[in-house]
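# A closer look at the structure
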Amino acid sequence: MPLIPYALARPLLFGLDAEHAHELTLNAIARLQNTPAQCLWSGSRISDPVNVAGLRFPNRVGLAAGLDKNGRCIDGLGAMGFGFIEVGTVTPQGQPGNDRPRMFRLPAANALINRLGFNNEGLASFVANVKRAHSFRAAGGILGLNIGKNAATPIERAADDYLAGLEGVHPHADYVTVNISSPNTKNLRALQGDEALDALLGALQRRKQQLDAQNGRRVPMFVKIAPDLEQDQVAVIARTLTANGIDGVIATNTTIAREQVQGLAHADEAGGLSGAPVFEASNRVIRLLRAALPAGYPIIGVGGVMSGADARAKLAAGADLVQVYTGLIYKGPALVADCAQALARG
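Since this is a predicted model, take the numbers as computed values, not measurements.

## Here's the deal with the sheet that holds strand β15 (residues 321-324)
- What the 8 strands build is a closed barrel, ordered β3-β4-β9-β10-β11-β12-β14-β15; its pairing is parallel. Pairwise comparison of adjacent strand axes, ignoring direction, gives a mean angle of 25° for this sheet.
- The sheet contact formed by strand β14 (residues 299-302) and β15 spans 3 bridges and is parallel. For isoleucine 300, the partnering residue across the bridge sits in β15 and is leucine 321.
- Packed on one face of the sheet, helix α7 (residues 194-215) meets β10 (175-179) and β11 (221-225) and runs near 155° to β11.

## Focus: unusual backbone geometry
- A cis amide bond links glycine 88 to the next residue, threonine 89, at an omega of 15°.
- Positionally, threonine 89 belongs in strand β4 (residues 84-90).
- Geometrically, the link from arginine 100 to proline 101 is a cis peptide bond, its omega value of -5° lying close to zero.
- Checked against the element boundaries, proline 101 lands in the loop between β5 (93-95) and β6 (103-106).
- We note that asparagine 110 has phi near 50°; this positive angle belongs to a residue other than glycine.
- Relative to the helices and strands, asparagine 110 resides in the loop between β6 and β7 (111-114).
- Note on asparagine 110: relative accessible area 21%, which makes it partly exposed.

## Here we look at helix α12 (residues 334-344)
- Restricting attention to buried positions, one finds in α12 the residues Leu335, Val336, Ala337, Cys339, Ala340, Ala342 and Leu343.
- Check the buried side of α12 and you find it contacts β3 (61-63), α10 (308-317), β15 and α11 (326-331).

## Here we look at helix α8 (residues 231-243)
- Relative to the 18 Å expected for 13 residues at 1.5 Å per residue, α8 spans 18 Å between its end C-alpha atoms, a close match to the ideal helical length.
- Along α8, the residues classified as buried are Val234, Val236, Ile237, Ala238, Thr240 and Leu241.
- The positive-phi residue at the C-terminal boundary of α8 is glycine 245, with phi of around 70°.

Each value, and the rule that gives it
- All residue numbers refer to position in the chain's written sequence, counted from 1.
- With pLDDT at 70 or above as the cut-off, local features in this predicted model cover only qualifying residues; side-chain atom pairs require 80 or more to be listed or tallied, and sums for whole chains, interfaces and linings still use all residues.
- Derived side-chain values reflect all non-hydrogen atoms in the structure, with water molecules and hydrogen atoms excluded from consideration.
- DSSP calls a pair of strands paired once it identifies at least 2 bridges connecting them.
- Going along the chain from the N terminus, every DSSP run of H or I of four or more residues is numbered as a helix, and every run of E of two or more is numbered as a strand.
- Throughout, an axis means a line fitted to C-alpha atoms (over the contacting stretch in the case of helices), and angles, computed between N-to-C directions, take values from 0 to 180 degrees.
- Note on contacts: a residue pair qualifies if any of its non-hydrogen atoms lie within 4.5 Å across the two residues.
- Here the term buried applies to any residue with accessible area under 20% of the maximum for its type, exposed to any over 50%, and partly exposed to those in between, with areas from a 1.4 Å probe on protein chains only.
- The span one expects for a helix is its residue count, reduced by one, times 1.5 Å.

In structure tokens form, the structure reads like this:
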């Protein structure tokens, strides 16, 4: 268990602006990871190995992309007991993202709204940070690298950014995630449509096969999709994923829906809603995917996991692995072991 109970730290962090608290926490983890001070937040990793997409995960619980966009804290976050860590979203060029304020807590709903807009330092800095990380992967942890497009890149040129991202991260990733589902980059979700998705994934798969051969290692590729999809849209995505030989799907990103938080402070802020209110929407998409995809096709479930019981519900819906993000902010590092133990029990 962490040396400092999160119940003591949370009131201090929640007394700050949400993004300031986020930056403060990441800066501390980046500075103290791989030092004796890491015991302040670290926890034992639950052993529950599972093979998914050709990779051996130490346990089924991972950190979702978005928390560590620049890949600065891989070892420190991994020390919380995660079986896998996903960092990014990284874009080819660094960009500031949207104007502040752009992150809002809704504590009554165990939720966040963000409109960060892929703020990151760019591919070169990201890869340098990934290369510096060592202890998490040395202990068997799996690292996913999440790629996106720059806001200034026209949507019709989006494939150029994704190809640049794939080429940059491929040598350093255990798996690559293609993020086409953030609501905070204009028109990005249009890439989930039939023809656009087929064209993008076809180009990425062709280049990935070349990179696999060039680098002498096969790197699985996942696609991250939104919760705000109708059944027929999910069916099209499922067909397109399999037709292009994509290795797996991550369901889901944040939602633009607000029914679950109506009347709460900040509920009308623009951006993606995460946390407990997206739990059922995410599970609905997971169930639709499981029904539409071939048996055994890998699904990573994410959205609203606040407890071990929530993690089990993701697996019951059809997921093979589970990721957390907002739950970590509300519940602290102990959530990782809680979820891993719940899934290890079956």
